[in-house]
Amino acid sequence: APTLPPLPHRLVARDTPFNSSLPNITIFATGGTIAGSAASNTATTGYTAGALGVDILLQAVPELWNISNVKGVQVANVDSGSISPEILLNLTSLIQDALDDPYCQGAVVTHGTDTLEESAIFLDLTIKSEKPVVVVGAMRPATAISADGPMNLLEAVTLAAAPEARGRGAMVVLNDRIGSAFYMTKTHSNSLDTFKANEQGYLGFFLDTKPLFYYPPVLPNGRVYFNVSGATELPEVDILFGHQVLNPKLARSAVESGAKGLVLAGMGAGGWTTAGTNEIEKLVKKYGTQVVVSSRTMGGFVQTDGSSNMYSGQDLNPQKARIMLQLALYAGYSSKQLAALFGFGFAS
Ligand SMILES: NC(=O)C[C@H](N)C(=O)O
């Protein structure tokens, strides 16, 4: 067991000494409903997300100290719609440093649920470690009756400290479920049971807060590593939503206002209108725009032949495909490399 003394900047939420027989877990707080405060204990809408600091979150769950030495780091305190590339890059760098420390067993990120899946895949693609990175949120603010945040946090820390959680990439925890950052997605605006792993399936479940995995460690097809150390910004990538008589000018205005890449949330298996496709082909020719085709159905595969800068989103939803394209453009991928990256190891 590690025998290092507590780090000086450890936030101690109660008078509990460092226990050298317990694992060391760092919690990186970014805001969201898990840190939300409402005017009444029945309000689950119209409250302020990212109102409470990480020390308050930890104080609410003294059981954390029975299972680990926890340290809290406040990275941001915002509604997850305001998570920026700067925050994400900072988060990756802080987590990488923490996990590179041999005395740290795992990292937990508290995050708003609205864009949690985007940050989760970003961390999955940019952190190099076998140690668990667990992203957790809540649907009820901390001030609500039966707030789900404290239990979710306890389960997330238990997971981050579990040896059997290693080698599985970043994971998402909510509502007693464990899912891969690649596939967990928010499917309901209000319900506690909102995060689903679609047909790729959950990795595991919590029983009495203990993580029970269905399978041994495995990583999703298509998972690669992008080194973003030293990066201060990321290229702009925008998502266009497909529908009947869509406005082709939206693609032009996105590209001419700075987008280097586009993700199409296409219809069905990535369908786009003829007028829209013509416009995108012109943009590709003129600006070298890189385009990933995904689907607004949020399930199933989209495959392209990889020609004319149009790549397959495979079974990534548009918001996750956007993060992957952004990272690949940052890394300077050529068209050939993008085609291989978005091939995902699946035949197309
Ligand atoms: N449940 C939540 O966390 C929603 C909140 N608006 C957020 O994403 O920050």
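It should be emphasised that the depicted structure is a prediction, and the values quoted were computed from it without experimental measurement.

What counts, and at which threshold
Numbering of residues starts from 1 in each chain and follows the order in which that chain's sequence is written. Only residues with pLDDT of at least 70 are given local features in this predicted model, and only at 80 or more are side-chain atom pairs given and counted; all residues enter the totals for whole chains, interfaces and linings. The side-chain quantities take in all heavy atoms of the structure and omit both hydrogens and water. For the purposes of this entry, the term helix denotes a DSSP run of H or I that reaches at least four residues, the term strand denotes a run of E that reaches at least two, and both are numbered from the N terminus. Radius of gyration here is computed from C-alpha atoms only, and the compact-globule reference equals 2.2 Å multiplied by the residue count raised to the power 0.38. Note on definitions: a residue-residue contact is assigned when non-hydrogen atoms from the two residues lie within 4.5 Å. We get accessible surface area from the Shrake-Rupley algorithm with a probe of 1.4 Å; when it comes to residues, only the shown protein chains can shield them. The positive count covers Lys and Arg only, the negative count covers Asp and Glu only, and His and the chain ends enter neither. Where a charge lies is defined by one atom per residue type: Lys uses NZ, Arg uses CZ, Asp uses CG and Glu uses CD. UniProt positions are given in the numbering used here, feature names are shortened, and annotations may be inferred rather than shown by experiment. Only protein chains enter the calculation, and the probe is 1.4 Å; a residue is then buried if its accessible area is under 20% of its type maximum, exposed if over 50%, and partly exposed in between. Working rule for helices: expected span equals 1.5 Å times residues minus one. A pair of strands is labelled paired if DSSP reports no fewer than 2 bridges between them. The definition of a right-handed crossover adopted here requires that, viewed with the strands pointing away, the path from the first strand over the helix to the second runs clockwise. Every axis in this analysis is a line fitted to C-alpha atoms, fitted for helices over the stretch in contact. Angles between the N-to-C directions lie between 0 and 180 degrees. Should an angle fall under 35 degrees it is called roughly parallel, over 145 degrees roughly antiparallel, and 65 to 115 degrees roughly perpendicular, with every other angle called oblique. By convention, the crossing between two helices is left-handed when the near helix turns anticlockwise from the far helix through less than a right angle, and right-handed when the turn is clockwise. Domain start and stop positions are those given by an automatic or database domain assignment. Here the quantity called buried area is the accessible surface, traced with a 1.4 Å probe, that two parts lose on coming together, added over both. Basic side-chain nitrogens of Lys or Arg form a salt bridge, by our definition, when they fall within 4 Å of a carboxyl oxygen of Asp or Glu. Here a polar contact is recorded for every N or O atom pair within 3.5 Å, except that within protein the pair must consist of a potential hydrogen donor and a potential acceptor, and residues adjacent in sequence are included only if both atoms are side-chain atoms. For this scheme, ten residues count as nonpolar: Ala, Val, Leu, Ile, Met, Phe, Trp, Tyr, Cys and Pro. Four count as charged, namely Asp, Glu, Lys and Arg, and the remainder, Gly too, count as polar. Neighbouring residues are identified by heavy atoms, a residue being near a molecule or strand if any of them is within 4 Å of it.

(A) Representation of the overall build of the protein within the structure. Helix and strand content of the protein: nine helices and 14 strands. The globule rule puts the C-alpha radius of gyration for 348 residues at 20 Å, and the 21 Å found for the protein is close to it. If you line up the protein on its principal axes, its C-alpha atoms span 65 × 45 × 35 Å. In the protein, the share of contacts with a sequence separation of at least 24, taken over all contacts with a separation of at least 6, comes to 71%. A total of about 14,800 Å² of accessible surface is found on the protein, and carbon and sulfur atoms cover 53% of it. If you average the places of the 23 positive and of the 28 negative side-chain charges in the protein, the two averages end up 5 Å apart.

(B) Up close: the UniProt feature "binding site: substrate" (unreviewed entry) in the protein. UniProt records the feature "binding site: substrate" (unreviewed entry) at Ser 80, Thr 113 and Asp 114, using the numbering of this structure. Sequence-wise these annotated residues cover 35 residues; spatially they are packed, their C-alpha atoms never more than 6.9 Å apart. Assignment of secondary structure puts Ser 80 in the loop between strand S2 (69-78) and helix H3 (85-100). You can call Ser 80 buried: its relative accessible area is 2%. Once you skip the residues sitting within four places of it in the chain, Ser 80 turns out to touch His 111, Gly 112, Thr 113, Asp 114 and Thr 115. Locating Asp 114 in the fold gives a position in the loop between strand S3 (106-110) and helix H4 (116-126). Since its relative accessible area comes to 46%, Asp 114 is described here as partly exposed. In this view, Asp 114 contacts Asp 79, Ser 80 and Lys 186; residues no more than four positions away in its chain are not counted.

(C) Fine view of helix H5 (residues 149-160). In this model, H5 (12 residues) spans 16 Å end to end at C-alpha, consistent with the 16 Å of a helix rising 1.5 Å per residue. A large share of H5 lies buried, amounting to 10 of its 12 residues.

(D) Main features of the pairing of strand S4 (residues 133-136). With burial as the criterion, each face of S4 is covered, one bearing Val 133 and Val 135 and the other bearing Val 134 and Val 136. Here S3 runs beside S4; their pairing, made up of four bridges, is parallel. Residue pairing across strands places Thr 110 opposite Val 136, the latter belonging to S4. At this point the chain moves from S3, through H4, to the parallel S4, and the crossover so formed is right-handed. Where S4 and strand S5 (residues 170-174) come together, four bridges link them in parallel fashion. By the bridge assignment for S5, Val 136 is matched with Val 173.

(E) Structural detail: the packing of H3 against H4. Between H3 and H4, the least distance of the axes is 10 Å, while the angle of their chain directions is 50°. Taken together, the axes of H3 and H4 are oblique relative to one another. Remark: the crossing between H3 and H4 carries right-handed chirality. From H3, Leu 88, Leu 89, Leu 91, Thr 92, Ile 95 and Gln 96 reach across to H4, where they touch Ser 119, Phe 122, Leu 123 and Thr 126.

(F) Seen up close, the domain arrangement of the protein. Considered domain by domain, the protein is made up of domain 1 (24-213) and domain 2 (237-341). A separation of 30 Å is found between the C-alpha centroids of domain 1 and domain 2. Each side of the interface is counted separately: domain 1 has 13 residues, and domain 2 has 10 residues. Between domain 1 and domain 2 the total buried area reaches about 1,100 Å² when both faces are included, carbon and sulfur atoms providing 61% of it. Considering only the side of domain 1, the residues that lose the most area to domain 2 are Glu 118, Ile 121 and Leu 125, jointly responsible for 36% of the buried surface there. Inspection of the region where domain 1 meets domain 2 yields one salt bridge. In this structure, Arg 322 and Glu 118 form a salt bridge, with 3.9 Å as the shortest nitrogen-oxygen distance. Run the count over domain 1 and domain 2 and you get nine residue pairs in polar contact (both at pLDDT 80 or more). Here the side of domain 1 that touches domain 2 takes six residues from H4, the largest share from any one element. The residue inventory of the side of domain 1 that touches domain 2, partitioned by class, reads seven nonpolar, four polar and two charged.

(G) Fine view of the site of the ligand. Lining the immediate surroundings of the ligand are Gly 32, Thr 33, Asp 79, Ser 80, Gly 112, Thr 113, Asp 114, Ala 138 and Met 139. Here Asp 79 contributes a side-chain N or O atom positioned 2.8 Å from a nitrogen atom of the ligand. The contact in question runs from an oxygen atom of the ligand to an N or O atom on the side chain of Ser 80, over 2.5 Å. Calculation on the ligand without its partners gives an accessible area of 270 Å², and the protein chains cover 92% of this total. When the residues that make up the shell around the ligand are grouped by side-chain class, the tally is two nonpolar, five polar and two charged.

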